Amino acid sequence: MEIKVGIIEDEAEIANSLKLLINGSEGFSCTDTFETAKDAIERIPTLHLDVILTDIHLPDKTGIDCITELKPLCPNTQFLMCTSFEDTESVFKALKAGATGYMTKTTQPSKLLDAITEVYKGGSPMSSHIARKVVASFQEAQQNIELEKLSQREQEILLHLSKGLRYKEIADALFVSTETVRTHIRNIYQKLQVNSRTDALNKIFKK
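None of the values given here were measured: they were computed from a predicted structure.

About the cut-offs
- Residues numbered from 1 in each chain as written.
- Predicted model: local features only at pLDDT ≥ 70, side-chain atom pairs only at ≥ 80, totals over all residues.
- Heavy atoms only, no water.
- Core = buried A, V, L, I, M, F, W, Y, C linked by side-chain atoms within 4.5 Å.
- Buried < 20%, exposed > 50% of the residue type's maximum accessible area, 1.4 Å probe, protein only.
- Helix = DSSP H or I, 4+ residues; strand = E, 2+ residues; numbered from the N terminus.
- Contact = heavy atoms within 4.5 Å.
- Axes fitted to C-alpha atoms, helices over the stretch in contact; angles between N-to-C directions.
- Parallel < 35°, antiparallel > 145°, perpendicular 65-115°, else oblique.
- Nonpolar A, V, L, I, M, F, W, Y, C, P; charged D, E, K, R; others polar.
- Salt bridge = Lys/Arg side-chain N within 4 Å of Asp/Glu carboxyl O.
- Expected span 1.5 Å × (residues − 1).
- Arc of directions from axis to C-beta.

Engineer: Whenever I open this one, the nonpolar core confuses me. Can you help?
Structural biologist: Buried together is how nonpolar side chains tend to be arranged in soluble globular proteins. Among the nonpolar cores identified, the biggest contains 28 residues, and Ile-8, Ile-44, Cys-66, Leu-70, Met-81, Tyr-102 and Met-126 are the most heavily contacted of them. Breaking this core down by element, the ones donating at least two residues are α2 (37–43), α3 (63–70), β4 (78–83), α4 (88–97) and α6 (128–140). The element contributing the most residues to this core is α4, with five residues. Not counting residues within four places of it along the chain, the set of residues in contact with Tyr-102 comprises Ile-56, Leu-80, Met-81, Thr-83, Phe-85, Ser-90, Val-91, Ala-94, Pro-125, Met-126, Ser-127 and Ile-130.

Engineer: I tried to follow the packing of helix α8 (residues 167–174) against helix α9 (residues 178–192) on my own but got confused; where do I start?
Structural biologist: A pair of packed helices can be characterised by two numbers: the angle between their axes and the separation between those axes. The contact between α8 and α9 brings their axes to 8 Å, and the two run at 110°. Considering the angle they form, α8 stands roughly perpendicular to α9. Note on element contacts: α9 touches α8 through Thr-178, Val-181, Arg-182, Ile-185 and Tyr-189, opposite Tyr-167, Lys-168, Ile-170 and Ala-171. Residues that form the contact of α8 with α9 fall into these classes: six nonpolar, one polar and two charged.

Engineer: Just checking my understanding: could you explain the pattern of salt bridges for this structure?
Structural biologist: When their charged atoms lie close together, side chains carrying opposite charge are able to pair. Counting across every chain of the model gives 11 salt bridges. Among the ionic pairs, Asp-39 bridges to Arg-43, the shortest N-O distance being 3.1 Å. Remark: Arg-43 and Asp-39 occur in helix α2; sequence separation between them is four residues, near one turn of the helix. Its relative accessible area of 23% is what places Asp-39 among the partly exposed residues. One salt bridge in this structure joins Glu-156 and Arg-153, with 2.9 Å as the shortest N-O distance. With a gap of three residues between them, Glu-156 and Arg-153 both fall in helix α7 (residues 152–162), about one helical turn apart. What makes Arg-153 partly exposed here is its relative accessible area of 30%.

Engineer: When you look at helix α1 (residues 12–23) in this model, what are you seeing that I'm missing?
Structural biologist: Along an α-helix, residues three or four apart share an orientation, since each turn contains 3.6 residues. Relative to the 16 Å expected for 12 residues at 1.5 Å per residue, α1 spans 16 Å between its end C-alpha atoms, a close match to the ideal helical length. Regarding α1, the residues found buried are Ala-15, Leu-18 and Ile-22. All buried residues of α1 project into a common sector of 65° when viewed along the axis, lining one side. Relative to its buried face, α1 has exposed residues pointing more than 90 degrees away, namely Glu-13 and Leu-20. Buried residues along α1 sit in contact with β1 (3–8), β2 (28–34), β3 (51–54) and α5 (109–120).

Pasting the structure below:
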């Protein structure tokens, strides 16, 4: 089964390059590109795409605005930022809007395809230096009253979640079972009164 990808990008050369990369790779297809947020918001809900790559800078609204409007309409579609913006504010605004991954335009083609696959399978891929920004923000949030509700182990697991690691990867890193990780994550969600990884991270890293 092919992963159906859409691209929201106003620079035609970049959009075409991404489309060629995706269509030239086994297991992927891209038939739809969008130059404006308006076009994307109007058309995407009818297309049943698996993954959307979106830039932040667009002629009308931002890519973050696109995600905010589209996510409730396309709950099964995953949104992956592909942008030149690397500041912490943009990263967290994108995550809060519903993006499940954040890659920069300097990402190598093979790694971008890996990120599309990962986000499709339930992961949260990030460019390495973006992940470092997230970790730094986590460290700065140590005095956050919400974070203080969590045990040391729960904080460790939340830190790994912020890096985009899957449950099994967290279990391997902490030398515990996957079920133990799931139990801790359920407890984290309960203590923070949230229902998802993104909501948990947004509550801790709120600006």
